[in-house]
There are 2 protein chains.
Amino acid sequence: MMMMPNDLMTIRQMCDAFDVTPRTLRFYEAKELLFPHRDGTRRLFTRRDRARLTLILRGKRFGFSLEDIRQILDLYDRDGSNHAQTIRTYELAQQRLAQMEAQRAELDLAIADLKAELDAGEAMIATLRRAAE
Amino acid sequence: MMMMPNDLMTIRQMCDAFDVTPRTLRFYEAKELLFPHRDGTRRLFTRRDRARLTLILRGKRFGFSLEDIRQILDLYDRDGSNHAQTIRTYELAQQRLAQMEAQRAELDLAIADLKAELDAGEAMIATLRRAAE
DNA sequence: CGTTACACTGACGTTAACGTCAAGCACTCT
DNA sequence: AGAGTGCTTGACGTTAACGTCAGTGTAACG
């Protein structure tokens, strides 16, 4: 055990750990979502990058754009300077929270609808089964 | 009052009612999501089209693709024939329901996370306010 | 009958989020 | 030295969901 000297990971280790392609990680760096260090030319991803990537992937799962996510991520690592910007970002995040809660309400509705349809389908299939005997 | 002879609507009436562009409605027709009648060359949208469009727009709001939506819509207007296909579609919808419930669970988590961050931000801003007096 | 208003059909443009080469370093093993 | 492996940077390709524009048609109005 000295196979992970620091907590820095190569691009391949990252890909295996998060099930993404190298292209994706480079793309996220280009979009300033990740900031890996360099060993000469090679990328080395830090613990911070992994935390961010976790949030990126979570955000993507319910339809946020990478640009949305980038702005949210900025909320996570303010250092206390740049107060005005902090407050603006805070307000932005509040808006987004409202959106998300509205989205959940609609999702609840849609799930109820779909469940009703499924019950109807089930009844119909049962009928078909009986007719087939 | 005889301005709505049947319950058929022109493309413009549809656009106004649903806040979409003509291009969008034509596109949905091309993708076989809508099936407006024709008066010569002009489209006339039925009550059924309106019901479908409502579901299309709802589906889009939480990130389903039009192709996903098209398959779900098929569940809504089975006529009882083509049983095998009905059952397959039913199973497909069940899978999607599971996805949606998983998605909601994650959404709940993310909302909690974001709320925590917002509370932190609030405390920080309060501190800044006090420091500014 | 001319014009205005609205609709139609192509067909090309656009954005997001990567995929997919191509070509070239930098190590390491043999 | 040569071969292989892994990483790098361009740069062009791709899909979804429309936007946008050009050219044409037609129904109604004055």
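Anything mentioned here points back to the structure above.
Nothing here was measured: the structure is a model prediction, and the numbers come from that model.

Peer 1: Would you explain the overall build of chain A in this entry?
Peer 2: Per the secondary structure count, chain A includes 5 helices and 2 strands. Ordering the α and β elements of chain A from the N terminus gives α-α-β-β-α-α-α. Taken over 133 residues, chain A has a buried fraction of 33%. In chain A, the share of contacts with a sequence separation of at least 24, taken over all contacts with a separation of at least 6, comes to 46%. Within the structure as shown, chain A displays about 8,400 Å² of accessible surface, and the carbon and sulfur contribution to it stands at 52%.

Peer 1: Just checking my understanding: could you explain helix H2 (residues 22–30) of chain B for this structure?
Peer 2: The periodicity of an α-helix, 3.6 residues per turn, causes residues three or four places apart in sequence to face the same way. All names here are of chain B. If you check which residues of H2 are buried, you get Leu 25, Tyr 28 and Glu 29. Down the axis of H2, the smallest arc covering the buried residues is 100°, so these residues share one side. For H2, exposure combined with an orientation more than 90 degrees from the buried face picks out Arg 23 and Ala 30.

Peer 1: For this particular structure, what's the right way to read the protein's contact with DNA strand C?
Peer 2: Around DNA strand C lies a shell of 17 residues, among which Thr 21, Tyr 28 and Lys 60 of chain A together with Arg 26 and Arg 43 of chain B are the nearest. At the protein interface, 69% of the atoms of DNA strand C within 4 Å belong to sugar or phosphate. A distance of 2.7 Å is found between a phosphate oxygen of DNA strand C and a side-chain nitrogen or oxygen belonging to Thr 21 of chain A. At 2.9 Å, a side-chain N or O of Arg 26 of chain B approaches a phosphate oxygen of DNA strand C. Secondary-structure elements contributing two or more residues to the surface near DNA strand C are helix H2 (22–30) of chain A together with helix H1 (11–18) and strand S2 (42–44) of chain B. Here the surface near DNA strand C takes 4 residues from H2 of chain A, the largest share from any one element. Looking at the surface near DNA strand C, its residues break down into 4 nonpolar, 5 polar and 8 charged.

Peer 1: Would you explain the nonpolar core in this entry?
Peer 2: One recurring pattern in soluble globular proteins: nonpolar side chains tend to sit buried together. The biggest cluster of nonpolar side chains holds 17 residues, and the ones touching the most others in it are Met 14, Leu 25, Leu 34, Leu 53 and Ile 56 of chain A. Only helix H1 (11–18), H2, helix H3 (47–61) and helix H4 (66–76) of chain A provide two or more residues apiece to this core. Element by element, the count of residues in this core is highest for H1 of chain A, at 4 residues. By size, the runner-up hydrophobic cluster in this structure holds 16 residues, among which are Met 14, Tyr 28, Ile 56 and Leu 73 of chain B.

Peer 1: So what exactly am I meant to see when it comes to the packing of H1 of chain B against H2 of chain B here?
Peer 2: In a pair of packed helices, the angle between the axes and the distance between the axes together describe the arrangement. Residue and element names in this part refer to chain B. It is at 9 Å that the axes of H1 and H2 come closest, and there the two elements cross at 105°. By the angle class used here, H1 and H2 are roughly perpendicular. Where H1 approaches H2, its residues Ile 11, Arg 12, Met 14 and Cys 15 are matched on the opposing element by Pro 22, Leu 25 and Arg 26. Taken together, the residues that form the contact of H1 with H2 break down as 5 nonpolar, no polar and 2 charged.

Peer 1: Would you take a moment to explain the protein's contact with DNA strand D for this structure?
Peer 2: Near DNA strand D you find 17 residues, and of these Arg 26 and Arg 43 of chain A together with Thr 21, Tyr 28 and Lys 60 of chain B are the closest. Protein-adjacent atoms of DNA strand D, using a 4 Å cutoff, are sugar or phosphate at a proportion of 65%. In the environment of DNA strand D, a phosphate oxygen lies 3.0 Å from a nitrogen or oxygen atom belonging to the backbone of Leu 66 of chain B. Looking at the surface near DNA strand D, the elements that each hand over two or more residues are H1 and strand S2 (42–44) of chain A together with H2 of chain B. At 4 residues, the largest contribution of residues to the surface near DNA strand D is made by H2 of chain B. Its residues placed into classes, the surface near DNA strand D shows 4 nonpolar, 5 polar and 8 charged.

About the cut-offs
- Residues numbered from 1 in each chain as written.
- Chains lettered and ligands numbered in written order.
- Predicted model: local features only at pLDDT ≥ 70, side-chain atom pairs only at ≥ 80, totals over all residues.
- Heavy atoms only, no water.
- Helix = DSSP H or I, 4+ residues; strand = E, 2+ residues; numbered from the N terminus.
- Buried < 20%, exposed > 50% of the residue type's maximum accessible area, 1.4 Å probe, protein only.
- Contact = heavy atoms within 4.5 Å.
- Areas by Shrake-Rupley, 256 points an atom, 1.4 Å probe, with all protein chains shown as cover.
- Arc of directions from axis to C-beta.
- Near = heavy atom within 4 Å.
- Polar contact = N/O pair within 3.5 Å; in protein donor to acceptor, adjacent residues only side chain to side chain.
- Nonpolar A, V, L, I, M, F, W, Y, C, P; charged D, E, K, R; others polar.
- Core = buried A, V, L, I, M, F, W, Y, C linked by side-chain atoms within 4.5 Å.
- Axes fitted to C-alpha atoms, helices over the stretch in contact; angles between N-to-C directions.
- Parallel < 35°, antiparallel > 145°, perpendicular 65-115°, else oblique.

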